[in-house]
Amino acid sequence: MIFAVVVSYRIKGEKNTMFQKVHLRLTFLCTGITAVIMIIMSLCYLYVSETGLRRNQFQAFRNDINTISTNLEQQTVISMEWLSKMEAQGNYLFFVLDNGTPFLFNQLNDPEENALRSLLLQESRDAFQSQSHTETSIRTSSQTTAFSNLTHAEYEFVSPSTNIGYFAGRICMGTDESALEIVVLSSMLNLENQIHEQRLRFLLIDLAAVTLLGIFSWFFTGWLLKPIAENQRKQAQFIASASHELRTPLSVILSAAECCRTAPPERREKFLKTISVEGMRVSSLVSDMLTLSQSDDHRFPIRTKPTELDTLLMNSYEAFVPLTQEKSISLSMELPDDALPPCNADPERVSQVISILLHNAISYTPEHGRITLSLAVHRDKFHITVTDNGIGISDEDKKKIFDRFYRAEKSRSTKDHFGLGLSIAYEIVKAHGGSIAVSDAEGGGSCFTVVL
Ligand code: ADP
């Protein structure tokens, strides 16, 4: 018993950590894969959205420069007032250069700010020279305009001193005597802030989604693994119980063999008999375990054919009469009066089920008891019933008797019972698509019903 508990405990402990590891790995895998897909999608979306945002802003800036250029084209002189108004309206920085020399129309009182503006102007002009541009030219035809050959070009640059990106527009107007240049700068700070905010929003959404995914994956994989873990637990229990059951007869065989070696010849026969009886027990247990393992692997050989169940019951009845007589138990049989249609079943397996039930009934019914084997048909279903007036089964035990190696407390002393009979019967009936149930018999005892 201690051996079985230790084996079961060890296997259970190992399985637990193993399942925890598998559970964790599966959770990480599910979360990881989904998170990677989600992050890639988010990045793609951000890329498309940011590119669109930059393009639209640049296009809006271009349109503004175009408007400014058209306005300029229609003026005869450039008024400083007009430039200041335009600057304030579009949130732009304007620089006017006459033959390369800056006009001081928008100089501020703050010398630092003025220095910064001058630097920006220089940087924008440097950037213009280092980039290639397609210039848009507006050729004026009016005689009243002050400017001819008006061209403008727009570009982007990042100020090396402030590290801020700018949209820049350069409008050039040339008269015969002088060349006027207007540089318009629009800071991309707002756009960058907008982009950063969007990125942060996505990061938070992704983080929240990954956390939720992790929680969901943990429960989902746990739910998926539950039947496997349960199966493993049952198998571990099965191995532990089987080891325990095998250990008892094997140790009896070993000690009998040892005694046989040293015992005088006249006493050896007794030990040899013990070895033979225990050997038979081991053999029967191994064959039961094989049947159950075949059923677990879905290799349970069920060969159904039209079977006359009344004939089958009759044969079982006749086979068990001598056994019941040995124990002074009366065995009776009840069959329907009318001829029954054949039942599609495996006759050998159904006989095995009836044998298990009759065997149990004989084992758990005291001398002078009664056992009834009956067959009935209700709603196209065959009901095979084995009723006894034996020790009966408690409600608590009724839930467990179909479990492997389960024996009710009061039947534990019986040496020939391993607690596998009913589980084999259950598997056979299940393979037939039928059901098996137990109830209390009238007046005490048990009633097992197999429905096929
Ligand atoms: P066993 O080989 O121990 O009989 P089974 O799986 O056939 O194993 O039965 C499991 C347990 O169910 C038995 O140990 C016994 O306690 C109980 N049982 C089965 N049949 C009967 C019955 N006819 N009357 C009372 N108890 C029964």
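So, a few notes on the structure that sits alongside this text.

**Focus: unusual backbone geometry**
The backbone of N163 shows a phi angle near 60°, a positive value even though the residue is not glycine. Structurally, N163 can be placed in the loop between β4 (148–158) and β5 (165–174). Accessibility expressed as a relative area gives 63% for N163, which makes it exposed. Look at H368: it is not a glycine, yet its phi comes out positive at around 65°. Turning to its location among the elements, H368 is positioned in the loop between α7 (347–363) and β10 (370–378).

**A look at the pattern of salt bridges**
What the rule picks out here adds up to 16 salt bridges. Between R407 and E245 there is a salt bridge, with the nearest N and O atoms lying 2.6 Å from each other. One end of the pair, R407, is in the loop between α8 (395–398) and α9 (421–431); the other, E245, is in helix α4 (residues 189–262), and 162 residues separate them in sequence. Neither residue differs from the other here; R407 and E245 are each classed as buried. For the salt bridge of K398 with D440, the shortest nitrogen-to-oxygen distance reads 2.8 Å. Taken together, the positions of K398 in helix α8 and D440 in strand β12 (residues 435–440) put the pair 42 residues apart, joining distant regions of the chain.

**So, the side chain of S217**
For S217, the location among the structural elements is in helix α4. Among the polar contacts made by the side chain of S217, one reaches the side chain of T31 at a distance of 3.4 Å. Setting aside residues up to four positions removed in sequence, S217 forms contacts with T27, C30, T31 and G222.

**Let's talk about helix α6 (residues 309–326)**
If you check α6, its first and last C-alpha atoms are 26 Å apart, about what 18 residues at 1.5 Å a residue would give, namely 26 Å. By the largest-angle criterion, F320 marks the main kink of α6, which is about 35°, and a proline, P322, follows within four residues. For α6, the full list of buried residues reads L309, L312, L313, S316, F320 and T324.

**Considering helix α3 (residues 111–130)**
Here α3 is 20 residues long and its end C-alpha atoms lie 29 Å apart, about the 28 Å a rise of 1.5 Å per residue gives. Restricting attention to buried positions, one finds in α3 the residues N114, R117, L120, L121, E123, S124, A127 and F128.

**Points about the nonpolar core**
Within soluble globular proteins, side chains that are nonpolar tend to cluster in buried spots. By size, the foremost hydrophobic cluster in this structure holds 49 residues, and its most contacted members are L309 and I384. Among the elements that line this core, the one with the most residues is α7, at eight residues. Sequence-distant contacts of L309, that is, excluding residues within four places in its chain, are made with C343, V350, L375, F382, I384 and L452. Grouped together as the second largest cluster of nonpolar side chains are 21 residues, F61, I68, L83 and M188 included.

**Considering the packing of aromatic side chains**
In the structure shown here, the tally under the stated rule is eleven aromatic pairs. Centre to centre, the rings of F216 and F220 are 5.6 Å apart; their planes meet at 10°, and the pair counts as stacked. With a gap of four residues between them, F216 and F220 both fall in helix α4, about one helical turn apart. For the ring pair F402 and Y426, a centre distance of 6.1 Å and an interplane angle of 45° mean the geometry is tilted. A residue pair is termed long-range when its members are at least 10 positions apart, and F402 in the loop between α8 and α9 and Y426 in helix α9 qualify at 24 residues. Here F402 falls in the buried class, since its relative accessible area comes to 17%.

**A few points about the sheet that holds strand β11 (residues 381–388)**
The strand order across the open sheet built from five strands is β8-β10-β11-β13-β12, with neighbouring strands paired in mixed fashion. Among the strands making up the open sheet, the edge pair consists of β8 (330–334) and β12. Ignoring strand direction, the axes of neighbouring strands in this sheet form an average angle of 15°. For β10 and β11, the ladder comprises eight bridges, and the chain directions are antiparallel.

**Details of a nonpolar patch on the surface**
Nonpolar side chains collect at one region of the surface, where L24, F28, L212, I215, W218 and F219 lie side by side and expose about 670 Å² of accessible area between them. Only α1 (2–74) and α4 provide two or more residues apiece to the nonpolar patch. Sorting elements by how many residues they give to the nonpolar patch places α4 first, with four residues. Relative to the assigned elements, F28 resides in helix α1.

Rules used throughout
- Residues numbered from 1 in each chain as written.
- Predicted model: local features only at pLDDT ≥ 70, side-chain atom pairs only at ≥ 80, totals over all residues.
- Heavy atoms only, no water.
- Helix = DSSP H or I, 4+ residues; strand = E, 2+ residues; numbered from the N terminus.
- Buried < 20%, exposed > 50% of the residue type's maximum accessible area, 1.4 Å probe, protein only.
- Salt bridge = Lys/Arg side-chain N within 4 Å of Asp/Glu carboxyl O.
- Polar contact = N/O pair within 3.5 Å; in protein donor to acceptor, adjacent residues only side chain to side chain.
- Contact = heavy atoms within 4.5 Å.
- Expected span 1.5 Å × (residues − 1).
- Bend = angle between axes of the 7 residues up to and from the residue.
- Core = buried A, V, L, I, M, F, W, Y, C linked by side-chain atoms within 4.5 Å.
- Phe/Tyr/Trp six-rings, centres within 6.5 Å; stacked < 30°, edge-to-face > 60°.
- Pairing = 2+ DSSP bridges.
- Axes fitted to C-alpha atoms, helices over the stretch in contact; angles between N-to-C directions.
- Patch = residues over 30% accessible without salt bridge, like charges linked within 9 Å, V, L, I, M, F, W, Y side chains within 5 Å.
- Areas by Shrake-Rupley, 256 points an atom, 1.4 Å probe, with all protein chains shown as cover.

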